[in-house]
Amino acid sequence: MSGDGHTRGDRPTVSRTGVVGAGVMGRDVAALLANAGFDVVLVDVDSGALAAAGTYLETEAPTALADAGLADTATVETGPDLSSRVSFATEVDALADCEFVVEAIRESLSAKRGLLADLEAVLDADAVVGTNTSSLTARDVAADAAHPERVVLFHFANPAIPRDLVETSGDGATDRALDRAASVARAIGKTPIRLERERRANGLSRLSAAVKCAGTWELREADAPAVARGARAMGFPRGPLELVDVIGLDVHLATVDNLREAYDGRFDPPPEIRERMERLVAEGRAGKKDGRGFFEWVDGEAVVPDGEVHDVQPVVAALVSEAHRLVGDGVADRETVDEILRRGSGGDLGPFGIEAMVGADALREVLERRHAETGAGVFEPPDSLGE
């Protein structure tokens, strides 16, 4: 079901929160919580990552929050110091009195389960744990937990601060845990959307995975800048391979691995492109965070020189196709899937809006042609297309 909007004054019965993982996502979540007035404990085993997060909270985060309309632009310089509400620790023991904890560590099921076991050793039984996983489910993470009923999906779009979305779900979670997650999301200025059913990659990440996977198949015919130019020509601010660079080639490949069994390899890149991506990661070119991936990155933007424009209609068709599968799997209805993409991408259209604009017959023709050419599951047309 769709979220019902948010009110910053709708405070949950939570005062102390925690975040585990001080990377790009974790530090943004900490900033959002601190900006809403929560006390936050940010935990990471890497003291260097904590130091970098502290600097970010003092310097860049206030402007990002103001730009997103979540803080007063007139008080960016003089307003409350976010870092004054955030304490830093390298051990999870520091989270002992937290009532809501968000895990934002790497996309490894074993790592997430290990972290949850550590959290259960220190948290009160009524504390709620939100997992920001983009490729697993809350039930996957909580499978070995003593209190699986308190583990929920709490998934942000990327970047977290400007995007007005938090997806929640939990087939094994209590309504109390899900309600707490939704109330925290509203308190930090985000619209919570509760998915009707758990499936790996949730809603937004499945749509994103389809776009990125389709983009990697286009690399058989064009280079990355040509694909990016094709996306821009269709009105998209970033192309599929830029999105891979943004999350990191290493993170994308880990996501693909987590989805392979559940979706019969539908999101796998071509074997030769996977080898290329693995080689780039090994060379220290994992994407935007390294300044290099499929693209060179300067001042936060991919360098896309002028040149040939590649047709990215297959990428758009793959997006719409995956939206149909989300509905067919019972994750959300069509209206909610459209809302998830609009809020998660900051765009004006959802996948079913795109279908209405382009036409189902045209999309099916593109998918059938590309599927015949590649055999890739991401291009296989769903039966419901056009219904």
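Here, the structure is the one placed above.
Residues numbered from 1 in each chain as written. Predicted model: local features only at pLDDT ≥ 70, side-chain atom pairs only at ≥ 80, totals over all residues. Heavy atoms only, no water.

### A word on the nonpolar core
- The biggest cluster of nonpolar side chains holds 58 residues, and the ones touching the most others in it are Phe294, Phe295, Val378 and Phe379.
- Apart from the residues lying within four places of it in its own chain, the contact partners of Phe379 are Ala214, Trp217, Glu218, Pro314, Ala318, Leu367, Arg370, His371 and Thr374.
- Counting residues in hydrophobic clusters, the runner-up holds 42 residues, among them Ala31, Ala53, Val166 and Ala185. (Core = buried A, V, L, I, M, F, W, Y, C linked by side-chain atoms within 4.5 Å. Buried < 20%, exposed > 50% of the residue type's maximum accessible area, 1.4 Å probe, protein only. Contact = heavy atoms within 4.5 Å.)

### Focus on the sheet that holds strand S1 (residues 16-20)
- If you walk across this open sheet you meet the eight strands as S3-S2-S1-S4-S5-S6-S7-S8, and the pairing is mixed. Each of the sheet's edge strands pairs with one partner strand only, and the pair in question is strand S3 (86-89) and strand S8 (192-194). Here the strands of the sheet are splayed against their neighbours by 25° on average, with no regard to which way each runs.
- Inspection of the sheet shows S1 paired to strand S4 (residues 100-103) by four bridges, in the parallel sense. The partner of Gly18 across the bridge, within S4, is Val101. (Pairing = 2+ DSSP bridges. Helix = DSSP H or I, 4+ residues; strand = E, 2+ residues; numbered from the N terminus. Axes fitted to C-alpha atoms, helices over the stretch in contact; angles between N-to-C directions.)

### Let's talk about the packing of helix H10 (residues 249-259) against helix H11 (residues 271-282)
- With their axes 9 Å apart at the nearest point, H10 and H11 run at an angle of 135° to one another. Between H10 and H11, the angle falls in the class oblique. Helix-helix and strand crossings are classified by hand; for H10 and H11 the assignment is left-handed. Where H10 abuts H11, its residues Leu249, Asp250, His252, Leu253, Val256 and Asp257 lie against Arg274, Met277, Glu278, Leu280 and Val281.
- Grouping the constituent residues of the contact of H10 with H11 by class yields six nonpolar, one polar and four charged. (Parallel < 35°, antiparallel > 145°, perpendicular 65-115°, else oblique. Left-handed = near helix turned anticlockwise from the far one by under 90°. Nonpolar A, V, L, I, M, F, W, Y, C, P; charged D, E, K, R; others polar.)

### Brief notes about the side chain of Thr133
- Turning to its location among the elements, Thr133 is positioned in the loop between strand S5 (128-131) and helix H5 (138-141).
- Residue classification places Thr133 among the buried residues on the basis of a relative accessible area of 0%.
- Within the structure, Thr133 has its side chain in polar contact with the side chain of Glu107 (distance 2.8 Å).
- Every residue in contact with Thr133, bar those within four places of it in the chain, is listed here: Glu103, Glu107, Lys112, Leu153, His155 and Asn202. (Polar contact = N/O pair within 3.5 Å; in protein donor to acceptor, adjacent residues only side chain to side chain.)

### Considerations on the pattern of salt bridges
- Scanning the model with the defined rule gives 25 salt bridges in all.
- Close ionic contact of Glu120 with Arg150 constitutes a salt bridge, the shortest N to O distance being 3.4 Å. A residue pair is termed long-range when its members are at least 10 positions apart, and Glu120 in helix H4 (residues 109-120) and Arg150 in the loop between H5 and strand S6 (151-156) qualify at 30 residues. In this pair, the class of Glu120 matches that of Arg150, namely buried.
- In this structure, Arg200 engages Asp140 in a salt bridge whose closest nitrogen and oxygen atoms are separated by 2.9 Å. Of the two residues, Arg200 is situated in the loop between S8 and helix H7 (204-218) and Asp140 in helix H5; the sequence distance between them amounts to 60 residues.
- Among the charged side chains, a network of salt bridges with common partners joins Arg199, Arg206, Arg266, Glu322 and Asp329. (Salt bridge = Lys/Arg side-chain N within 4 Å of Asp/Glu carboxyl O.)

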